[in-house]
Each structure stands twice: as structure tokens, then as C-alpha cells.
Amino acid sequence: VTSTDVRAGFAPGHLVRLPRAAAPEIAPCPPRPRGPLTEALISALRGPTGPLRLPLARGSDPVRDDDEACALYLCFELTYRGLAGVDDRWEHEPSLIGFRRHLEDRLAEAIRSSVPAIDWDGSVVTGIRAALAADDSPSVSAYLEQAGTIRDFCEFAIHRSAYQLKEADPHTWAIPRLSGTAKAAMVKIQSEEYGDGVASEMHATLFADTMRELGLDATYGAYLERIPGSTLSGVNVISMFGLNRRWRGALAGHLVGFEMTSVGPNARYARAARRLGLSEPAVRFFDVHVDADEEHQVVAEERLAVGLATAEPQLAADIVFGAQALCAVEGAFSTQVTSAWSQGRSSLLR
Ligand SMILES: [Fe+2]
Ligand SMILES: [Fe+2]
């Protein structure tokens with residue numbers, strides 16, 4: 001068993017436990033470059049702030065391109081916890097914002113051109129339900145429940161750590177951009193995602209507990225190097241919607257889609273975890289979501305989606321697009337992961 005195996009949680013029988021982290025580092029280290037975009041970006045970020053010249057992205061699939069998705073993820077990370085050894089002033093460096101916008105536009109366009117056409121009558125409830133019903137991508141939760149191994153489950157947790165260790169943060173950007181019923185609904189949901197004021201109950205904290213029970217490193221950003229573009233794009237799309245006021249409708253629609261597709265999958269993850277003999281503290285994250293999202297899905301649909309569409313009817317199509325974008329990026333993730341597992345391969349980058 002090498003130190004890399006232990007870090008990745010692949011020790012035999014997952015019995016080797018990492019010590020509980022004392023104080024997690026706030027800012028993750030930049031990963032090793034994956035290609036020309038991350039090479040140029042990371043090398044620039046290590047230096048003083050100032051105008052930078054970065055190559056344009058030229059790949060044909062911004063959602064799945066490991067280099068492109070990681071470059072965008074790093075740009076966004078500057079607005080969350082920052083990056084170790086990187087000057088915080090890079091966050092608002094105009095040339096970096098320009099690069100980020102170039103990658104955002106490519107991601108949005110790729111998603112826009114990939115989502116299936118849906119029939120809806122102009123009501124956001126019909127539109128979101130049609131978007132979710134049109135999703136025919138494979139189910140990671142069903143795979144794990146039926147056939148997943150402990151290694152698959154650890155990999156699943158590593159993929160999800162890119163979002164779950166900052167769970168709820170990207171959607172929180174919406175709060176100052178909303179008003180009335182939609183704002184109140186968003187705050188109610190987000191408050192519960194943040195543990196209603198109890199740090200140990202924050203969903204991100206519960207996910208870190210699950211990772212530690214699996215023998216994984218729960219430090220924020222610890223596995224960034226292992227996480228492929230198709231997974232990072234799932235986080236990038238929420239950050240993009242969250243950091244651009246013009247995408248506030250899509251951000252709300254994404255959260256509504258999230259909440260409306262949570263109960264079933266989380267119940268399956270919980271059953272998978274119990275079948276694999278994981279401890280109750282490891283399963284708690286999933287059980288809590290089954291309970292919380294029974295209510296959140298109703299608040300999200302009836303008050304967030306309808307409330308926003310009533311206050312700003314011109315956003316209805318964007319709200320529905322948010323749910324479609326969720327399905328598109330989750331589909332890229334689930335297809336990549338389940339096809340690797342079903343062929344006996346790791347779904348993570350080497
Ligand atoms: Fe949650
Ligand atoms: Fe929720």
C-alpha cells in the first residue's frame with residue numbers, strides 16, 4: 001500500500017484510516033497542469049498580478065475536456081477559498097476575468113447546443129419537469145446500489161468532493177439577486193444546507209464526515225488532481241450561473257432541479273453504503289438529504305421557481321434551462337463514471 005493508495009482511500013478493505021484533519025487548509029494548492037490552458041494559467045497565477053496572455057481554448061468538448069474544465073475550475077476557485085501561494089488580487093484581474101469569460105461562454109454554448117428540445121407550455125413547473133423527464137443518462141446511484149464496490153463508492157465520494165465540500169456555496173450567490181418569495185425560498189433552503197447555524201450539521205461537514213469514514217482525505221481540494229473534466233464541469237456550471245447576475249434564472253432552475261432529483265438517488269446511495277457495510281456516520285449525509293429534500297423539492301418548485309417566474313416572467317426560459325444544464329452536466333459525469341466502472345477501470349484521472 002503506497003501513500004498514494006492511502007490518500008486515495010484504496011487501502012485494502014479501506015481499513016487504513018487517515019487521522020482526522022485538525023484544521024483543514026483554507027486554500028487548496030493548484031494542481032499539476034493538464035494541458036496548455038492549465039499550464040499557462042497556473043504558471044501565471046504563481047507570479048505577480050498583471051495583464052496575462054493565455055491561449056484560447058480550442059477543444060471540441062468544453063464539458064469533458066480535462067484541461068479546459070480544470071482551468072475554469074481554478075478561475076472560479078479564486079472566488080471561493082482562493083489558491084495556496086496565489087495572490088488574492090488575481091480574483092478581479094481584468095485579463096483573468098476575460099479568460100474566465102471566454103471559457104464560460106464556451107461551456108454555456110456547449111450545454112445549450114447539447115440539451116434536448118422539450119415541450120412545455122410556458123409554465124416553469126411544466127418546463128422543469130419536462131427537462132428532468134427528458135434525462136436518460138445512466139444513474140450512478142442505481143449502479144452503486146446494485147453493483148458498486150467499495151472502491152467505486154470511494155471514487156464516487158472523490159468526484160463529489162469537488163462540489164460537496166463547498167455544498168450550497170455556488171447557489172448562495174443568487175440571494176442578493178432575488179427578492180420576495182423566491183429570495184425567501186432560497187434563503188430557507190440554503191439555511192438548511194448550512195446546518196441551520198450548527199457547523200457540525202452543515203451538509204459540507206456531513207460529507208467530510210463521510211469521506212473520513214471511507215478513509216479518504218476530507219481536506220478541501222485534496223483530490224482535485226484526480227477529478228476529470230466531466231465532473232468539474234458539473235461544479236463549473238453552477239459557479240458560472242452564480243457569478244453572473246444575468247444567469248440568475250438558470251441558477252435558480254439548477255437548484256430546483258437539484259432538489260427535485262435528490263430524494264431517490266440519496267436513498268439509493270444510503271442503501272449502497274449500508275450494503276457495503278459502511279458506518280452510520282458515513283451514511284448520515286445521504287439519510288439527511290432524503291429527509292431534508294422531501295421538503296426542499298416542494299419549496300424549490302412551488303416558491304423558488306414559481307416565485308421567480310412570477311416576479312420576472314422574462315426569466316422563465318432561463319429557469320428551465322438551468323434544470324436542463326443540470327441534466328447535461330450530470331449526464332456527462334454519470335456516463336463517464338459508470339462506463340469506467342462497468343469496464344473495471346478507475347473513473348479518476350491517474
Ligand atoms: Fe444538501
Ligand atoms: Fe436540499
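Residues numbered from 1 in each chain as written. Chains lettered and ligands numbered in written order. Predicted model: local features only at pLDDT ≥ 70, side-chain atom pairs only at ≥ 80, totals over all residues. Heavy atoms only, no water.

Examining the overall build of the chain
Phase 1 of the analysis: Looking only at helices and strands, the chain has 15 helices and zero strands in total.
Phase 2 of the analysis: Compactness check: the chain gives a C-alpha radius of gyration of 19 Å against a globular reference of 20 Å for 350 residues, within 12% of the reference.
Phase 3 of the analysis: Seen through its principal axes, the chain has C-alpha atoms that stretch 55 × 50 × 40 Å.
Phase 4 of the analysis: Looking at the chain as a whole, 56% of its 350 residues are labelled buried. (Helix = DSSP H or I, 4+ residues; strand = E, 2+ residues; numbered from the N terminus. Rg over C-alpha atoms; globule rule 2.2 N^0.38 Å. Buried < 20%, exposed > 50% of the residue type's maximum accessible area, 1.4 Å probe, protein only.)

Some points on the pattern of salt bridges
Phase 1 of the analysis: What the rule picks out here adds up to 18 salt bridges.
Phase 2 of the analysis: The residue Asp61 makes a salt bridge to Arg64 at a minimum N-O spacing of 3.1 Å.
Phase 3 of the analysis: Overall, the relative accessible area of 26% leaves Asp61 in the partly exposed class.
Phase 4 of the analysis: Ionic contacts of the salt-bridge type, sharing partners, join the residues Lys188, Glu192 and Glu295 into one network. (Salt bridge = Lys/Arg side-chain N within 4 Å of Asp/Glu carboxyl O.)

So, helix H4 (residues 94–114)
Phase 1 of the analysis: Here H4 is 21 residues long and its end C-alpha atoms lie 30 Å apart, about the 30 Å a rise of 1.5 Å per residue gives.
Phase 2 of the analysis: When H4 is considered as a whole, its buried residues turn out to be Leu96, Phe99, Arg100, His102, Leu103, Glu104, Arg106, Leu107, Ala108, Ala110 and Ile111.
Phase 3 of the analysis: Contacts made by the buried residues of H4 are with helix H2 (36–45), helix H3 (66–77), helix H11 (229–243) and helix H15 (316–342). (Expected span 1.5 Å × (residues − 1). Contact = heavy atoms within 4.5 Å.)

Considering H15
Phase 1 of the analysis: For H15, with 27 residues, the first-to-last C-alpha span of 39 Å sits near the 39 Å given by 1.5 Å per residue.
Phase 2 of the analysis: Of all 27 residues making up H15, 21 are buried, and the element is well covered by its neighbours.
Phase 3 of the analysis: Looking at the residues trailing H15, positive phi occurs at Gly344, about 75°.

With respect to the coordination of the iron ion (ligand 2)
Note on metal sites: the ideal angle is 109.5 degrees for four tetrahedral donors, and 90 or 180 degrees for six octahedral donors.
Phase 1 of the analysis: Taken together, the protein donors to the iron ion (ligand 2) comprise Glu193 (OE), Glu259 (OE), Glu259 (OE), Asp293 (OD) and His296 (ND1), at separations of 2.1 to 2.6 Å.
Phase 2 of the analysis: The sequence pattern formed by the donor residues of the iron ion (ligand 2) is E-x65-E-x33-D-x2-H.
Phase 3 of the analysis: Distance-wise, the iron ion (ligand 1) is placed 4.3 Å from the iron ion (ligand 2), both being coordinated by Glu193. Separated by 66 residues along the polypeptide, Glu193 in helix H9 (residues 180–193) and Glu259 in helix H12 (residues 248–260) bring together distant segments of the chain. You'll find Glu193 and Glu259 in the same group, each marked buried. (Donors = N, O, S within 2.8 Å, 3.2 Å for Na, K, Ca; no water.)

Some thoughts on the packing of aromatic side chains
Phase 1 of the analysis: Here the structure, examined in full by the defined rule, presents 13 aromatic pairs.
Phase 2 of the analysis: With a centroid separation of 6.1 Å and an interplanar angle of 55°, the aromatic rings of Tyr80 and Trp173 are classed as tilted. Of this pair, Tyr80 sits in the loop between H3 and H4 while Trp173 sits in the loop between helix H8 (169–172) and H9, and the two are 93 residues apart along the sequence.
Phase 3 of the analysis: Looking at Tyr80, the relative accessible area reads 17%, which means it is buried.
Phase 4 of the analysis: Ring pairs connect the aromatic residues Phe153, Phe156, Phe207, Tyr269, Phe285 and Phe286, which therefore count as one cluster.
Phase 5 of the analysis: Its end group placed over the ring of Tyr220, Arg81 keeps NZ or CZ at 3.9 Å from the ring centre.
Phase 6 of the analysis: The ring centre of Tyr80 lies 4.8 Å from the NZ or CZ of Lys166, which sits over that ring. (Phe/Tyr/Trp six-rings, centres within 6.5 Å; stacked < 30°, edge-to-face > 60°. Lys NZ or Arg CZ within 6 Å of the ring centre and 35° of its normal.)

Section: the coordination of the iron ion (ligand 1)
Phase 1 of the analysis: All of the protein donors around the iron ion (ligand 1) are Glu167 (OE), Glu193 (OE), His203 (ND1) and His289 (NE2); their distances to the metal are 1.8 to 2.1 Å.
Phase 2 of the analysis: With four donor atoms in place around the iron ion (ligand 1) and angles of 81 to 163° between them, the coordination shape is irregular.
Phase 3 of the analysis: Mapped onto the sequence, the donors of the iron ion (ligand 1) take the spacing E-x25-E-x9-H-x85-H. (Tetrahedral: all angles 85-135°; square planar, octahedral: opposite > 155°, others 65-115°.)

Overview of the layout of surface pockets
By rolling a water-sized probe across the atoms, one finds the places where empty space is left.
Phase 1 of the analysis: Its volume calculated, the largest pocket comes out at about 860 Å³.
Phase 2 of the analysis: Along the wall of the largest pocket there are 43 residues; nearest its centre are Arg160, Phe258, Thr261, Pro265 and Glu330.
Phase 3 of the analysis: Contributions of two or more residues to the lining of the largest pocket are made by helix H6 (140–147), helix H7 (150–164), H9, H11, H12, helix H13 (263–275), helix H14 (280–311) and H15.
Phase 4 of the analysis: It is H15 that contributes the most residues to the lining of the largest pocket, six residues altogether.
Phase 5 of the analysis: Across the lining of the largest pocket, the residue classes break down as 18 nonpolar, 17 polar and eight charged. (1 Å grid on protein atoms, 1.4 Å probe; cavity = no way out; pocket = protein on both sides within 12 Å on 5 of 7 lines; lining within 4 Å. Points joined across faces, edges and corners; volume = space filled by probe spheres on them. Nonpolar A, V, L, I, M, F, W, Y, C, P; charged D, E, K, R; others polar.)

Brief notes about the packing of H6 against H13
Phase 1 of the analysis: Between H6 and H13, whose axes approach to 8 Å, the crossing angle comes to 25°. Here H6 lies roughly parallel to H13, going by the angle between them. Viewed along their axes, H6 and H13 form a crossing whose handedness is left-handed. Here Val140, Ser141, Ala142, Leu144, Glu145, Gln146 and Ala147 of H6 come into contact with H13, specifically with Pro265, Arg268, Tyr269, Arg271, Ala272 and Arg275. (Axes fitted to C-alpha atoms, helices over the stretch in contact; angles between N-to-C directions. Parallel < 35°, antiparallel > 145°, perpendicular 65-115°, else oblique. Left-handed = near helix turned anticlockwise from the far one by under 90°.)

Remarks on the environment of Trp247
Phase 1 of the analysis: Relative to the helices and strands, Trp247 resides in the loop between H11 and H12.
Phase 2 of the analysis: Using a relative accessible area of 8% as the deciding quantity, one classes Trp247 as buried.
Phase 3 of the analysis: Along the sequence, Trp247 and Ala174 sit 73 residues apart, while their C-alpha atoms lie 9.2 Å from each other.
Phase 4 of the analysis: Among all residues touching Trp247, those that are not within four sequence positions of it are Ala108, Arg112, Met240, Phe241, Asp318 and Phe321.

Everything listed here is a matter of coordinates, which is why it stays silent on function.
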